[in-house]
Amino acid sequence: MAKSPYKDTILLPKTSFSMKADLLAREPQIQKRWKQMDLYAKIREARAGREQFILHDGPPYPTGEMHVGLAMNKVLKDMVVRYKTRRGYDAPYLPGWDCHGLPIEFKVMQELREAGETPPKIDIRKRCKKYAETYVKKHKKQFIALGVSGEWDAPYLTFLPSYERGVLSAFAQMVGEGYVYRSTKPIHWCFDCETALAEAELEYNTKTSPSIYVNFALCSSVADLFPGLKPLHVMIWTTTPWTIPANLAIAVNERFTYTAVTYEKDGQSTSSIMAADTVEKVMAAIGATNFTVGPTATGKQLIGLRYDHPFMERTGPVVSAEYVSLEEGTGCVHTAPGHGADDYITGLNEGLEILSPLDSKGRYTDEFPSMQGVQVYDANDKLCDLMAEKGALAAKAAVSHSYPHCWRCNNPVIFRATEQWFVRVDHKDLRQRATEQIQDTRWIPGWGQSRITGMVADRPDWCISRQRSWGVPIPAFYCANCDRPLLTQKSVEAVNEIVGARGTNTWFELEPDEFLQGRFECDGCGGKTFRKEEDIFDVWFESGTSWRAVVQQNDHLRFPADLYLEGTDQHRGWFQLSLLPSVALEGVAPSKTVVTNGFIVDGSGQKMSKSKGNFISAEDVLGVVGADIFRLWVSSIDYKDHIFVDMAGIQEMATSYRRIRNTMRYLLGSLHDFDPKANAVPADRMLPIDRWAVAQGNELIRRVTQYNDDYDFHKTFQAIQNWCAVEMSSFYLDVLKDRMYTFAPDSNERRSGQTAQWLLLHAFVKLTAPVLVHTAEEVWQTMAEAGLLAKDEPAESVHLAAHPEPADVDAAPELLEKFGKLLAIREDVLREIEKLRADKTIGNALETHVTITSTDAEVLALLTDEQKNLASYFIVSDVQVAASADDSFVPGQAVPTLRIKVEKSAHPRCERCWNFRPAVGDHAEHPQLCDRCAAVVTGG
RNA sequence: GGGCUUAUAGCUCAGUUGGUUAGAGCGCGCGCCUGAUAAGCGCGAGGUCGGAAGUUCGAGUCUUCCUAAGCCCA
């Protein structure tokens, strides 16, 4: 097609802002510039003295490839911090990492095991530290690449002395206030290595164990429930005969039905209680030759009965436990609180002793004198013989089952009760006060409140000690003479003076008296010589006191924090275990608001894991779509629910991104010859549609503000996306083209449109800045270069600019209402135009001439009123409003009273503006032009 | 097994205190434009709201049960 001689008189959009985003290449450059100018420090400086908003970062664990869920959580935090900053708050972000703990120690121990080394604790700790540092570095790099803004030069790490000092200061205070005590608890124990084992250090292998059924004779009277059956027993089943000496109770399930069975075996008749549904199976298992089922009772009715231990001089109670099932055994569970996790809980609930008569080599102690010194696996047969002798052994067989073994020596492990340190949850009404604080905290989503309330209500005392190396040592001492523990607020503070300054490695390096300096004595025997505790803290105690170690110990932060934002798994974890110390020591929850995100699942709703092959890492995302598109994806989802994610879904975000980018690009291009100082049109001289457009921008600002305040970022995303596509691209910007391209450059009409676009661009780039951190910056720099910033706006970075206020060009409600109707009318008109296009009568809508009317007087009045603008709103060449319609008119759908007729225009086409107008050909010098264009070209 | 949670078009989300033919954007299909062009515009086809029962004149929206999935426990 030959180029029109008038082409050069058209004012097309022009901008250096490229259509292609090329985020993978551009984002690192933008980040580099931010680092060079130290943008984070500049923001702090700009907000100094303002009201603070403190988001306290929950420290992630630095190991392995970064899960996309962690990347998402960090981006959510960043969006909050950036939004609050834009709203004028001083919102510092101090990120951290939870560096201690078993996963790292486990990895290091694995390496050492493969190398056949068993170095001392201090060396293990050094290797762990190195490992943690490596991954902290990796994570940090990726967080920065995700565009997360924060104090990356000085993050908090839980192995730093400054942090450890905070943990110990909180601990000292808790000791001082009486929350800490020492008691026993069963843990996995290897009697060959003589060490405690964590779940991760167990290997489940098949093992053959004895399978025994034992009758415990009831000593309570049961004549009312089971008349005439005496002696009556309760039958249990177990695979660990060696735990029978520590039996202190039998557990039943209250909801089950139990019955007394009288059976014959080896010519003897015995009556035993068991769950009704297990009778057949049990009778077969013990080889009973004949049996009769007696009366029944509910589990609840059995509770409180007492029985004689088969060979120990004591009686035990029948107690209730929810976990009792019918899948194995008799529905009556042998309970030894010192030898099992469930048993232990039951023991606590029932106030039983945590009996564990074993030494570290797995031999009975003097608490079971008749077999003192016998190792548990040697004892199994002896005990069976003993019970058979007493008539208690109903049957004995062997069973092959999966059983935990030590990962080091491959020996089967046992549960053994050991001395541990605990925090007493009911001391000083802590549970009650914590529950009250939960009520006073804002939980988003709201159900988080009931979730954590239930957890706090049910939880047992907190066991804070671990038999590991990689963590903060528990600074307790034991009297060398009488073994009594020494742990007071003062003793902890004495240790903290040294450890808090030089790090906790000193605990392993120095002698006890270098901490105690002879200032302490055993309050049992008065002894002055001590040995050090070997245990470390549960890592949850470390992260659970981060409000002290980080928020309180840093002058630029404030306690309590405004916001904690983590995954919903942290209701039990970090939220609860921060709440307890915080309420204990400060009387308040550590954060005013707690937001939780759901868990990431793959496209089919399954959990993500490397073994399933559906794992997506932060690296995967950053390498394919870049940070801004990933961030846009994060903003698009309702993170409060489960989050379905696959790479295809994230990649689809590129489409939404392009729409937003192109909208901004078009606005930039439209403003290529606009100087806000010289060309801005005052509100009262702006065209109605331009005022309407600005009003739409104002409405977008209000909605986004509300959504962001409510942490509903996905609603912000929807609003922005719709605004780009609906209000802007398909209507306003499309309608504006004729005016922007063909009107005289400095005409009021054109400057009015530019003023609106200028205001809209400003609002829009600021609204998207918390999400599209790089793209918004790119736009902003283009604006700065083009002289499009107001004089009070920071040219250095969009991130120094504030959240937009609605522009002072607000339109009257009548105007909004009018355009609402006009848009509905437009929809109907466009549908009619489409029919001409479909039958090839026309191509471009400008080829049409529209005649329109309505049977509704009000609508007709609106049409008449707006007649001169209708052609531009519909993007057709001419619109006539008729008084009435005949059969050639078609009714509307959105506005049913509408009557529309669309015809091909009879007029010639203007070479310049492409409108079909009667005046084309009238101008002598420019016969190809319409009157309007002729006037522009001749400058008239 | 328990506590908490989720389930609306292919995707991401809206659906106010239960009330007319369940909405939007994207994607998809068809077409237009070639003066936002690895862009832009228009039209259109897709859900009966995870399943079942119930309450009600009326339920996506309340109740119960079931199914699938997630977190935390056991």
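Residues numbered from 1 in each chain as written. Chains lettered and ligands numbered in written order. Predicted model: local features only at pLDDT ≥ 70, side-chain atom pairs only at ≥ 80, totals over all residues. Heavy atoms only, no water.

Draft legend 1. The arrangement of the nonpolar core in detail. The biggest cluster of nonpolar side chains holds 151 residues, and the ones touching the most others in it are Phe630, Trp633, Tyr732, Ile825 and Ile852. Looking at this core, the element that brings in the most residues is helix α24 (residues 713-742), giving 14 residues. Dropping the residues within four chain positions of it, Trp633 is found in contact with Ile600, Ile643, Phe644, Val645, Gly649, Ile650 and Met653. Within the second largest apolar cluster, 63 residues are counted, among which are Val167, Ala476, Cys522 and Phe541. (Core = buried A, V, L, I, M, F, W, Y, C linked by side-chain atoms within 4.5 Å. Buried < 20%, exposed > 50% of the residue type's maximum accessible area, 1.4 Å probe, protein only. Helix = DSSP H or I, 4+ residues; strand = E, 2+ residues; numbered from the N terminus. Contact = heavy atoms within 4.5 Å.)

Draft legend 2. Spotlight on the pattern of salt bridges. By the definition in use, this model includes 50 salt bridges. Lys77 serves as the salt-bridge partner of Asp57, at 2.6 Å between the closest nitrogen and oxygen. Of the two residues, Asp57 is situated in the loop between α2 (39-47) and α3 (68-86) and Lys77 in helix α3; the sequence distance between them amounts to 20 residues. Between Lys715 and Asp712 there is a salt bridge whose closest N-O contact spans 3.9 Å. With relative accessibility at 13%, the residue Asp712 sits in the buried group. Salt bridges here are not isolated pairs; linked through shared partners, they connect Asp57, Lys74, Lys77 and Glu566. (Salt bridge = Lys/Arg side-chain N within 4 Å of Asp/Glu carboxyl O.)

Draft legend 3. Structural detail: the protein's contact with RNA strand B. Looking at RNA strand B, there are 52 residues lining it, with Arg451, Asp638, His714, Asn722 and Tyr741 nearest. At the protein interface, 76% of the atoms of RNA strand B within 4 Å belong to sugar or phosphate. One nitrogen or oxygen atom from the main chain of Ser636 is found 2.8 Å from a sugar or linking oxygen belonging to RNA strand B. Glu834 has a polar side-chain atom sitting 2.9 Å from a sugar or linking oxygen of RNA strand B. Secondary-structure elements contributing two or more residues to the surface near RNA strand B are α12 (448-458), α21 (647-670), α24 and α27 (813-838). With 12 residues, the top contributor of residues to the surface near RNA strand B is α24. (Near = heavy atom within 4 Å. Polar contact = N/O pair within 3.5 Å; in protein donor to acceptor, adjacent residues only side chain to side chain.)

Draft legend 4. Here's a closer look at the confidence of the model for chain A. Here chain A averages 94 in pLDDT, and 100% of its residues register 70 or above. Our summary of model confidence lists the complex with pTM equal to 0.92 and ipTM equal to 0.97. (pLDDT = per-residue confidence, 0-100.)

Draft legend 5. Highlighting the sheet that holds strand β3 (residues 180-190). Spatial ordering of the open sheet is given by β4-β3-β15-β17, a layout of four strands whose pairing is antiparallel. The open sheet is flanked by β4 (195-196) and β17 (462-463), the only strands paired with a single partner. In this structure, β3 lies alongside strand β15 (residues 414-423), joined through 10 bridges in antiparallel fashion. By the bridge assignment, Thr184 is partnered in β15 with Glu419. (Pairing = 2+ DSSP bridges.)

Draft legend 6. Main features of the packing of aromatic side chains. In the structure shown here, the tally under the stated rule is 30 aromatic pairs. Pairing Tyr156 with Tyr163 gives two aromatic rings, centres 5.7 Å apart and planes at 5 degrees, and the pair type is stacked. The class of Tyr156 is buried, set by a relative accessible area of 6%. Between Phe191 and Tyr377, the ring centres sit 5.8 Å apart and the planes meet at 55 degrees, which makes this aromatic pair tilted. (Phe/Tyr/Trp six-rings, centres within 6.5 Å; stacked < 30°, edge-to-face > 60°.)

Draft legend 7. Looking closely at helix α23 (residues 688-709). Taking 1.5 Å of rise per residue, 22 residues should cover 32 Å, and α23 covers 31 Å from first to last C-alpha, within 8% of that figure. Phi turns positive, to about 60 degrees, at Tyr711, one or two residues after α23. (Expected span 1.5 Å × (residues − 1).)

Draft legend 8. Representation of the state of the cysteines within the structure. Applying the stated criterion across every chain, the model contains zero disulfides. Just so you know, Cys128 is unpaired, no disulfide at all, and the nearest cysteine sulfur is the one on Cys99, 11 Å from it. Since its relative accessible area comes to 0%, Cys128 is described here as buried. Considering cysteine sulfurs only, Cys933 is the nearest to Cys930, which forms no disulfide, with 3.7 Å between them. The buried category is assigned to Cys930, whose relative accessible area is 0%. (Disulfide = S-S within 2.5 Å.)

Draft legend 9. Fine view of the pairing of strand β6 (residues 232-238). For β6, the tally of buried residues reaches six of seven residues, placing the bulk of the element in the interior. In this sheet, β6 lies alongside strand β5 (residues 202-217) in antiparallel orientation, the contact comprising six bridges. Note that in β6 the partner of Ala217 across the bridge is His233. Inspection of the sheet shows β6 paired to strand β9 (residues 268-275) by three bridges, in the parallel sense. Among the inter-strand pairings, His233 is bridged to a residue of β9, identified as Ser272.

Draft legend 10. Just helix α1 (residues 23-37), in detail. A rise of 1.5 Å per residue sets the reference length of α1, with its 15 residues, at 21 Å; its end C-alpha atoms lie 21 Å apart and thus fit the reference within 8%. Of the positions making up α1, those classed as buried are Leu23, Glu27, Ile30, Gln31, Trp34 and Met37. Buried residues of α1 fall within an arc of 130 degrees about the axis and therefore sit on the same side. Projecting away from the buried face of α1 at angles above 90 degrees are the exposed residues Gln29, Lys32, Lys35 and Gln36. Looking at the packing, one finds that the buried side of α1 touches α2, α5 (121-145), α20 (627-636), α21 and α26 (773-785). (Arc of directions from axis to C-beta.)

Draft legend 11. Representation of the packing of α20 against α26 within the structure. In the contact formed by α20 and α26, the axes pass within 7 Å of each other and the chain directions differ by 120 degrees. Considering their axes alone, α20 and α26 lie oblique with respect to each other. In this structure, α20 uses Ala627, Asp628 and Arg631 to contact α26, whose residues at the interface are Val773, His774 and Thr775. Broken down by class, the residue content of the contact of α20 with α26 amounts to two nonpolar, two polar and two charged. (Axes fitted to C-alpha atoms, helices over the stretch in contact; angles between N-to-C directions. Parallel < 35°, antiparallel > 145°, perpendicular 65-115°, else oblique. Nonpolar A, V, L, I, M, F, W, Y, C, P; charged D, E, K, R; others polar.)

Draft legend 12. Region of interest: the environment of Arg658. Structurally, Arg658 can be placed in helix α21. Taking relative accessible area as the criterion, Arg658 reaches 47% and is therefore assigned partly exposed. Sequence-wise, Arg658 and Met19 are 639 residues apart; in three dimensions their C-alpha atoms are separated by 8.2 Å.

Draft legend 13. Inspection of the sheet that holds strand β20 (residues 485-486) at higher detail. Spatially, the three strands line up as an open sheet ordered β20-β19-β21, and their pairing is antiparallel. Since the sheet does not close on itself, it has two edges, and those belong to β20 and β21 (530-532), each with one partner. Both strand β19 (residues 477-479) and β21 contribute to a ladder of three bridges, which runs antiparallel. Note that in β21 the partner of Tyr478 across the bridge is Arg531.

Draft legend 14. Seen up close, the packing of α21 against α24. Two elements in contact, α21 and α24, have axes whose closest approach is 10 Å; the angle formed by their N-to-C orientations is 35 degrees. The handedness of the crossing between α21 and α24 is left-handed. Along its contact with α21, which presents Met653, Ser656, Arg659, Ile660, Thr663, Tyr666, Leu667 and Ser670, the element α24 presents Phe717, Ile720, Gln721, Cys724, Ala725, Ser729, Leu733, Lys737, Met740 and Tyr741. (Left-handed = near helix turned anticlockwise from the far one by under 90°.)

Draft legend 15. Examining unusual backbone geometry more closely. The step from Ile444 to Pro445 runs through a cis peptide bond, and the omega angle for that step is -5 degrees. Mapped onto the secondary structure, Pro445 falls in the loop between β16 (442-444) and α12. For the bond running from Phe559 to Pro560, omega is -10 degrees, close enough to zero to count as cis. By secondary structure assignment, the location of Pro560 is in the loop between α17 (546-552) and β23 (561-567). The backbone phi angle of Ile875 is positive, close to 55 degrees, even though this residue is not glycine.

Draft legend 16. Structural detail: the environment of Cys219. Inspection of the secondary structure puts Cys219 in the loop between β5 and β6. Look at Cys219 and you get partly exposed, because its relative accessible area is 40%.

Draft legend 17. Summary view of the pairing of β23. Buried residues dominate β23, accounting for seven of its seven residues. What joins β23 to strand β24 (residues 591-597) is helix α18 (residues 574-586), and the crossover it makes is right-handed. (Right-handed = clockwise from strand over helix to strand, strands pointing away.)

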